[in-house]
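# Coordinates in review
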Amino acid sequence: MRKTAKQFIGIGVILLAMYNIVLFAIAGFADHEAPFWISYAFVLLAFGMTVLTFVYLGKSGMILRDWLFGYPIMYHCAIYVVVEMVLSVIFMLLEYDLGWALPFVIQILLMGVYAVFMLSCFASKTAITQVGEKVEKKTRYIALLQADAQMLCQKCSDPELKAKLQKLAEDIRFSDPMSDPSLCKLEESLFATVIACGEALDSNDVELAGQLQHKAANLLAERNAKCKALK
């Protein structure tokens, strides 16, 4: 994505250079009215805003889309630059017949519409990032719980209990990683029970460890059943 963004920035710089060369080769620098220079300034702003967008896009590494139509951010950039260039040419050709107000208002409105779509794209990125962080946090719980359950198997020397602990670890492994806020206390209790089971094994208290393993298995079954019911 960073490579693609750099390529688009390079293309934009080339197009801007060609635009300037052709424009001033045909129109020259002198004897221009306000609509000409206003339109030229908006073209530069359009290219500048597009470049800044792609610089940010390259850093984020995401194909952002707006909330309203779901179009990619690159689509909005291309449309904005093309429309702005077309409008600028029209206003430049009519520079002696127009005042400064009409070209300014139309082009500032166009830039405003583009800015709204850009903000919606970045807002979508923020929402996606937040969802991703929540998913990662929830899946991390199961990963850590499974790691602790595997450690119980390594600590246990009793064959019968070890088999039950291995079964517990497998059940955790195949549990639904996505949870629900209403299950927070239940999951905390399950995690605490697994930790307590490990402490019992460290103390060579096989009987207590067996009781805690049984409790953990029941809590896990309850948690998974409620996860399924809340889907």
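Higher on the page you've got the structure.
Note that the structure is a prediction, hence the values are computed from the model and not measured. (Residues numbered from 1 in each chain as written. Predicted model: local features only at pLDDT ≥ 70, side-chain atom pairs only at ≥ 80, totals over all residues. Heavy atoms only, no water.)

When you go through the protein residue by residue, the secondary structure sums to seven helices and zero strands. Mapped in sequence order, the helices and strands of the protein form the string α-α-α-α-α-α-α. Buried positions account for 33% of the 231 residues belonging to the protein. Of all intrachain contacts in the protein linking residues separated by at least 6 positions in sequence, the fraction that spans at least 24 positions is 78%. When the accessible surface of the protein is split by element, carbon and sulfur atoms take 67% of a total near 13700 Å². (Helix = DSSP H or I, 4+ residues; strand = E, 2+ residues; numbered from the N terminus. Buried < 20%, exposed > 50% of the residue type's maximum accessible area, 1.4 Å probe, protein only. Contact = heavy atoms within 4.5 Å. Areas by Shrake-Rupley, 256 points an atom, 1.4 Å probe, with all protein chains shown as cover.)

This part is about the packing of helix H5 (residues 159-173) against helix H7 (residues 206-229). With their axes 10 Å apart at the nearest point, H5 and H7 run at an angle of 25 degrees to one another. By the angle between their directions, the pair H5 and H7 is classed as roughly parallel. Between H5 and H7 lies a crossing of left-handed hand. The residues of H7 that touch H5, namely those facing Leu161, Lys164, Leu165, Leu168, Asp171 and Ile172, are Val206, Ala209, Gly210, Gln213, Ala216, Ala217, Leu220 and Asn224. Its residues assigned to classes, the contact of H5 with H7 comprises nine nonpolar, three polar and two charged. (Axes fitted to C-alpha atoms, helices over the stretch in contact; angles between N-to-C directions. Parallel < 35°, antiparallel > 145°, perpendicular 65-115°, else oblique. Left-handed = near helix turned anticlockwise from the far one by under 90°. Nonpolar A, V, L, I, M, F, W, Y, C, P; charged D, E, K, R; others polar.)

Before going further, it helps to examine H5. Each α-helix winds once per 3.6 residues, and so residues spaced three or four apart point in a common direction. With 15 residues, H5 extends 21 Å between its outermost C-alpha atoms, agreeing within 8% with the 21 Å of an ideal straight helix rising 1.5 Å per residue. Those residues of H5 that sit buried are Leu161, Leu165, Leu168, Ala169 and Ile172. The buried residues of H5 occupy an angular sector of 100 degrees when the element is viewed end-on, so they sit on one face. Residues of H5 that are exposed and point over 90 degrees away from its buried face: Pro159, Glu160 and Lys167. (Expected span 1.5 Å × (residues − 1). Arc of directions from axis to C-beta.)

The next thing to look at is the pattern of salt bridges. A full pass over the atoms with the stated rule returns six salt bridges. Of the charged contacts, one joins glutamate 170 and arginine 173 as a salt bridge, the two residues approaching to 3.8 Å between their closest N and O atoms. Of this pair, glutamate 170 and arginine 173 both sit in helix H5, three residues apart, roughly one helical turn. The partly exposed category is assigned to arginine 173, whose relative accessible area is 47%. Close ionic contact of glutamate 222 with lysine 226 constitutes a salt bridge, the shortest N to O distance being 2.9 Å. Of the two residues, glutamate 222 and lysine 226 both sit in helix H7, four residues apart, roughly one turn of that helix. A relative accessible area of 37% means that lysine 226 is categorised as partly exposed. (Salt bridge = Lys/Arg side-chain N within 4 Å of Asp/Glu carboxyl O.)

Turning our eyes to something else, we now look at unusual backbone geometry. Positive phi values are uncommon outside glycine, yet aspartate 31 reaches one of about 60 degrees. Secondary-structure assignment places aspartate 31 in the loop between helix H1 (2-27) and helix H2 (34-60).

Before going further, it helps to spend a moment on a nonpolar patch on the surface. On the surface, Val82, Val86, Val89, Ile90, Leu93 and Leu94 cluster together into a nonpolar patch covering about 520 Å² of accessible area. Relative to the assigned elements, isoleucine 90 resides in helix H3 (residues 73-93). (Patch = residues over 30% accessible without salt bridge, like charges linked within 9 Å, V, L, I, M, F, W, Y side chains within 5 Å.)

Attention now moves to the nonpolar core. Judged by nonpolar contacts, the single largest core of 25 residues is most densely connected at Leu165, Ile172, Leu190 and Leu201. Mapped onto this core, the elements with two or more residues apiece are helix H4 (101-155), H5, helix H6 (184-202) and H7. Ignoring anything within four residues of it in the chain, the contact list for isoleucine 172 reads Ile142, Leu145, Gln146, Ala149 and Leu220. Ile38, Phe42, Met111 and Phe117 belong to the second-largest nonpolar core, a separate cluster that totals 14 residues. (Core = buried A, V, L, I, M, F, W, Y, C linked by side-chain atoms within 4.5 Å.)

With that settled, the discussion passes to the packing of H6 against H7. Contact pair H6 / H7: the axes reach a minimum separation of 9 Å and the direction vectors enclose 160 degrees. Overall, the two elements H6 and H7 adopt an arrangement that is roughly antiparallel. With respect to the hand of their crossing, H6 and H7 are arranged in left-handed fashion. Residue-level contacts link Leu186, Glu187, Ser189, Leu190, Thr193, Val194, Ala196, Cys197, Ala200 and Leu201 of H6 to Leu208, Ala209, Leu212, Gln213, Lys215, Ala216, Leu219, Leu220, Glu222, Arg223 and Lys226 of H7. Considered class by class, the residues forming the contact of H6 with H7 number 13 nonpolar, three polar and five charged.

None of this, on its own, says anything about what the molecule does.
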